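Residue-level structural notes
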Amino acid sequence: FEFTTNHRMALCPRLINVIQKLRDVHRPHPVDDDILRFIQSRTITKPLEDFDELNTIIVTPSNHQRALYNLRVAQRFGAKRGLPVITWLNEVPSLSEQETAFIAKQYPELISIFVQGSPALLKDNLAPMLDLCRGTLIKMHSIWYKEKAKQEEATKIIKQTAAGQVCRVPRPDAVLI
């Protein structure tokens, strides 16, 4: 649940009110009954269909739960579109790739997810002047490798992966949107 101004907030004025209450440092107890009702009214008890997630506020208790939810959404999108779900380990500067892979079993947010053509939200402020900021809706286009050997390895892995199934490829040098 991102507490920043972005395009999605414009869709829900009540959300802006909730965020303003949570940010108000003068309120001794910012989480009141109104905020709890707001969050409870949006609790998901079953997976949404037709990718309504993009127009729905999703509140998760942790980054871990958010990462698992995102993977399930990616798998459904891939299965419906006949595409594999491509993943790779994010770089953790102080760890080797083997150490990162071991830790990623407990911290799935260390794994990036890509499904060609799928909608996604930017996680970072890449170029705010161009409206490429956190929360901006984008469409995943492709991944790119500098080294031909890594590109060939990734292509081979992807071709062997069924629609909606997850594969792990070497970390790409760029993700095009």
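All figures in this text were calculated on a predicted structure; none of them were measured in a lab.

Calculation rules
Residues numbered from 1 in each chain as written. Predicted model: local features only at pLDDT ≥ 70, side-chain atom pairs only at ≥ 80, totals over all residues. Heavy atoms only, no water. Helix = DSSP H or I, 4+ residues; strand = E, 2+ residues; numbered from the N terminus. Buried < 20%, exposed > 50% of the residue type's maximum accessible area, 1.4 Å probe, protein only. Contact = heavy atoms within 4.5 Å. Areas by Shrake-Rupley, 256 points an atom, 1.4 Å probe, with all protein chains shown as cover. Polar contact = N/O pair within 3.5 Å; in protein donor to acceptor, adjacent residues only side chain to side chain. Salt bridge = Lys/Arg side-chain N within 4 Å of Asp/Glu carboxyl O. Patch = residues over 30% accessible without salt bridge, like charges linked within 9 Å, V, L, I, M, F, W, Y side chains within 5 Å. Core = buried A, V, L, I, M, F, W, Y, C linked by side-chain atoms within 4.5 Å. Pairing = 2+ DSSP bridges. Axes fitted to C-alpha atoms, helices over the stretch in contact; angles between N-to-C directions. pLDDT = per-residue confidence, 0-100.

The next thing to look at is the overall build of the chain. Within the chain, the secondary structure is distributed over five helices and seven strands. Start at the N end of the chain and walk to the C end: the helices and strands fall as α-α-α-β-α-β-β-β-β-α-β-β. Across the 177 residues that make up the chain, the buried fraction comes to 29%. Restricting to contacts in the chain with at least 6 residues of sequence separation, those with at least 24 account for 58%. Summing over all exposed atoms, the chain offers an accessible surface of approximately 11,900 Å²; the carbon and sulfur share of this is 55%.

Below, the discussion takes up the side chain of serine 112. Its place among the elements puts serine 112 in strand β2 (residues 111-114). A polar contact is formed between the side chain of serine 112 and the side chain of asparagine 90, at a distance of 2.5 Å. Apart from residues lying up to four places away in sequence, serine 112 is in contact with Ile86, Thr87, Trp88 and Asn90.

The next subject is the pattern of salt bridges. Scanning the model with the defined rule gives one salt bridge in all. We note a salt bridge from lysine 148 to glutamate 152, for which the minimum N-O separation is 3.9 Å. Of this pair, lysine 148 and glutamate 152 both sit in helix α5 (residues 148-159), four residues apart, which is roughly one turn of the helix. Judged by its relative accessible area of 47%, glutamate 152 is partly exposed.

We now examine a nonpolar patch on the surface. A cluster of nonpolar side chains, contributed by Leu126, Val175 and Ile177, occupies part of the molecular surface with about 270 Å² of accessible area. Considering the arrangement of structural elements, one finds isoleucine 177 in the segment after β7 (174-176).

This part is about the nonpolar core. In terms of nonpolar packing, the biggest core is built from twelve residues, these being Ile86, Trp88, Phe114, Ala120, Leu122, Ile138, Met140, Ile143, Tyr145, Ala154, Cys167 and Val169. In contact with methionine 140, not counting residues within four places along its chain, are Ile113, Phe114, Val115, Gln116, Gly117, Ser118, Ala120 and Leu176.

A word on the sheet that holds strand β1 (residues 85-89). Spatially, the three strands line up as an open sheet ordered β2-β1-β6, and their pairing is mixed. Across the chains shown, the open sheet's two edge strands, defined by having one partner strand only, are β2 and β6 (166-168). Adjacent strand axes in the sheet meet at a mean angle of 30°, parallel and antiparallel pairs treated alike. Note that β1 and β6 share three bridges and pair parallel.

Further remarks concern the environment of threonine 87. With respect to the secondary-structure elements, threonine 87 resides in strand β1. For the pair threonine 87 and leucine 71, spaced 16 residues apart in sequence, the C-alpha separation works out to 9.5 Å. Filtering out sequence-adjacent residues up to four positions away, threonine 87 remains in contact with Ile111, Ser112, Ile113, Val166, Cys167, Arg168 and Val169.

In summary, the side chains of a regular strand alternate between the two faces of the sheet. Most of β1 is tucked away, with five of its five residues classed as buried. Burial along β1 is two-sided: Val85, Thr87 and Leu89 and Ile86 and Trp88, pointing in opposite directions, are all buried. The pairing of β1 with β2 spans four bridges and is classified as antiparallel. Counterpart to tryptophan 88 in the pairing with β2 is serine 112.

This part covers the confidence of the model for the chain. The share of residues in the chain with pLDDT of 70 or more is 74%, and the mean pLDDT across the chain is 79. When the criterion is pLDDT under 50, residues 1-5 qualifies, and its contacts beyond four places in sequence or with other chains add up to 15 contacts.

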